[in-house]
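Commentary on secondary and tertiary structure
For reference, the chains in residue letters:
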Amino acid sequence: MNINRIDLNLLIYLDVLLRECNVTRSASKLNITQPAMSNGLKRLRDLLGDPLLVRTSEGMKPTEKALRLQPIVRKVLLELEEALQPAADFNAKTSTRVFRIMASDYATSTVIPLLLNRLRENAPGITLDIMTPSDVTFHDVEAGKIDMAINRFDELPQSFHNKSVWMDSFVCMMSVNNPIQHNFNLDAYLTSQHIWVSKTGFGVGVGMDPTDVQKLGWVDEALQAIDKKRSIRVFTRSYHTAMHLSLEQDLIATLPKKVAMINKNNPDLVILEPPFYIPPIELKMIWSPLLHHDASHIWFRQQVNELAREFQLKNNY
């Protein structure tokens, strides 16, 4: 193929088409007519000798060649856009950029409020679009559709950039009317009823099986290490739900300390150290290599780093 035949607009068309997998939506994204978008797709098919998008029972799907081309085209366009940008630094004070973040319930409860306060002072025109782990995939992050994902990750693709936000330990939260608070030991913990809360990674969650310790996570794995097991009465994926349910006299929520301390001044709740060792968890932020050198993204990552450092200097937890 003679590269001189490639119109830059066709690469832009291809990038949007492979992200949207829909001619009408792609035309709308580029603010062109649907016939113009269809003509662009035809020219791409002729140029590359491949259908690129094929119709299936689930809608238009990219071919194998299209999937191979997608990250390459995306990278080329981002690098070109970066090269053509003015040399001036990113101006956060005047920016109206939208940052799309996948944040776990834990991150939404702890990091996001701190980030909003920081942006309110330093970048009042910036908007956050917060998504849940069920909304996106690793592929979305890799393709640069999501600016950042903040969560606890067991495994990550090697191509991703990542940085630790902070470490967190665990505490137990219960009603001030729960009598076991006065003699809170391992036996008291094990004879109580518990609220399970967790949701990490990407994808839609599934129902929990109380007997499947491997899927129950940190707290139950720590108990299994000492050959113990707790009685779980309620499963939830929301830390705020868990904290609210811990107001019930007979329920205990074991959850990360930085979340629990949101309710540190609630007179109806008691926060105690767990009567057994639970390994700390690490909250990370991850992003695509396609965004790593973008000036606005560098600034945004710095904000998360700084707010995490300031929070930990200010609070002894």
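Our structure is the block above this text.
Residues numbered from 1 in each chain as written. Predicted model: local features only at pLDDT ≥ 70, side-chain atom pairs only at ≥ 80, totals over all residues. Heavy atoms only, no water.

1. What about the pattern of salt bridges?
- According to the stated counting rule, one finds 14 salt bridges in the structure shown.
- K29 serves as the salt-bridge partner of E20, at 3.8 Å between the closest nitrogen and oxygen.
- Relative accessible area serves as the criterion here: at 18%, E20 is assigned to the buried category.
- Put simply, K61 and E58 hold a salt bridge, and the shortest N to O gap is 3.9 Å.
- Under the relative-accessibility criterion, E58 is labelled exposed at 65%. (Salt bridge = Lys/Arg side-chain N within 4 Å of Asp/Glu carboxyl O. Buried < 20%, exposed > 50% of the residue type's maximum accessible area, 1.4 Å probe, protein only.)

2. Description of the sheet that holds strand 7 (residues 170-175)
- Pairing within the open sheet is mixed, and its five strands lie in the order 9-8-10-7-11. The open sheet has two edge strands with one neighbour each: strand 9 (231-236) and strand 11 (269-272). Mean inter-strand twist for the sheet, computed between neighbouring axes without regard to direction, equals 30°.
- Sheet analysis places strand 7 next to strand 11, joined by four bridges and oriented antiparallel. Residue pairing across strands places S175 opposite L269, the latter belonging to strand 11. (Pairing = 2+ DSSP bridges. Helix = DSSP H or I, 4+ residues; strand = E, 2+ residues; numbered from the N terminus. Axes fitted to C-alpha atoms, helices over the stretch in contact; angles between N-to-C directions.)

3. So, the side chain of R230
- Summarising the element assignment, R230 is placed in the loop between helix 9 (218-225) and strand 9.
- On the basis of relative accessibility, which here comes to 7%, the residue R230 falls in the buried class.
- Among the polar contacts listed, one links the side chain of R230 to the side chain of D220, at a separation of 2.9 Å.
- When neighbours within four sequence positions are excluded, R230 is seen to be in contact with Y189, L190, H194, I195, W196, V219, D220, L223 and T254. (Polar contact = N/O pair within 3.5 Å; in protein donor to acceptor, adjacent residues only side chain to side chain. Contact = heavy atoms within 4.5 Å.)

4. What to know about the packing of helix 2 (residues 23-30) against helix 3 (residues 34-48)
- One can describe the packing of helix 2 onto helix 3 by two numbers: an axis separation of 8 Å at closest approach and a directional angle of 110°. When the axis of helix 2 is compared with that of helix 3, the two are roughly perpendicular. Touching V23, T24, S26, A27 and L30 of helix 2 are Q34, M37, S38 and L41, all from helix 3.
- When grouped by side-chain class, the residues that make up the contact of helix 2 with helix 3 number five nonpolar, four polar and no charged. (Parallel < 35°, antiparallel > 145°, perpendicular 65-115°, else oblique. Nonpolar A, V, L, I, M, F, W, Y, C, P; charged D, E, K, R; others polar.)

5. A look at the packing of helix 1 (residues 8-20) against helix 2
- The geometry of helix 1 relative to helix 2 is characterised by a closest axis approach of 9 Å and an angle of 130° between their N-to-C directions. Classified by the angle between their axes, helix 1 and helix 2 sit oblique to one another. As helix 1 runs across helix 2, the sense of the crossing is right-handed. Packed against helix 1, whose contacting residues are I12, Y13, V16, L17 and E20, the element helix 2 presents V23, R25, S26, K29 and L30 at the interface.
- Of the residues in the contact of helix 1 with helix 2, the class split is six nonpolar, one polar and three charged. (Left-handed = near helix turned anticlockwise from the far one by under 90°.)

6. Some words on the nonpolar core
- Core analysis: the largest hydrophobic core is formed by 56 residues, its most contacted members being L115, I150, V165, Y189 and L255.
- Discounting residues that sit within four places of it in the chain, L255 has contacts with S169, F170, V171, M173, V197, Y239, M243 and A260.
- If you look at the next biggest cluster of nonpolar residues, it comprises 19 residues, including M37, L44, L52 and A66. (Core = buried A, V, L, I, M, F, W, Y, C linked by side-chain atoms within 4.5 Å.)

7. Regarding unusual backbone geometry
- Its identity is not glycine, yet N31 carries a phi of approximately 60°, on the positive side.
- Tracing the backbone through its elements, the reader meets N31 in the loop between helix 2 and helix 3.
- Relative accessible area serves as the criterion here: at 71%, N31 is assigned to the exposed category.
- Unusually for a residue other than glycine, L52 sits at a positive phi of about 70°.
- Tracing the chain through its elements places L52 in the loop between helix 3 and strand 1 (53-56).

8. Focus on the sheet that holds strand 3 (residues 98-103)
- Spatially, five strands are ordered 4-3-5-12-6 in an open sheet, and the strand pairing comes out mixed. Looking at the sheet topology across the chains shown, the edges are occupied by strand 4 (127-131) and strand 6 (161-168). For this sheet, the mean angle separating the axes of adjacent strands, direction not counted, is 20°.
- The sheet contacts of helix 12 (residues 295-314) involve strand 3, strand 4, strand 5 (148-151), strand 6 and strand 12 (281-287), and relative to strand 6 the element is tilted by about 15°.

9. Details of the pairing of strand 8 (residues 193-197)
- Where burial is concerned, most of strand 8 is hidden: five out of the five residues are buried.
- Here strand 8 shows a buried face lined by Q193, I195 and V197 and a second buried face lined by H194 and W196.
- Inspection of the sheet shows strand 8 paired to strand 10 (residues 251-256) by three bridges, in the parallel sense. The partner of H194 across the bridge, within strand 10, is I252.

10. A few points about helix 1
- The first and last C-alpha atoms of helix 1 sit 19 Å apart over 13 residues, in line with the 18 Å expected at 1.5 Å per residue.
- Those residues of helix 1 lying buried are L10, Y13, L14, D15, V16, L17, L18 and E20.
- Immediately beyond the C-terminal end of helix 1, within one or two residues, lies C21, with a positive phi of roughly 55°. (Expected span 1.5 Å × (residues − 1).)

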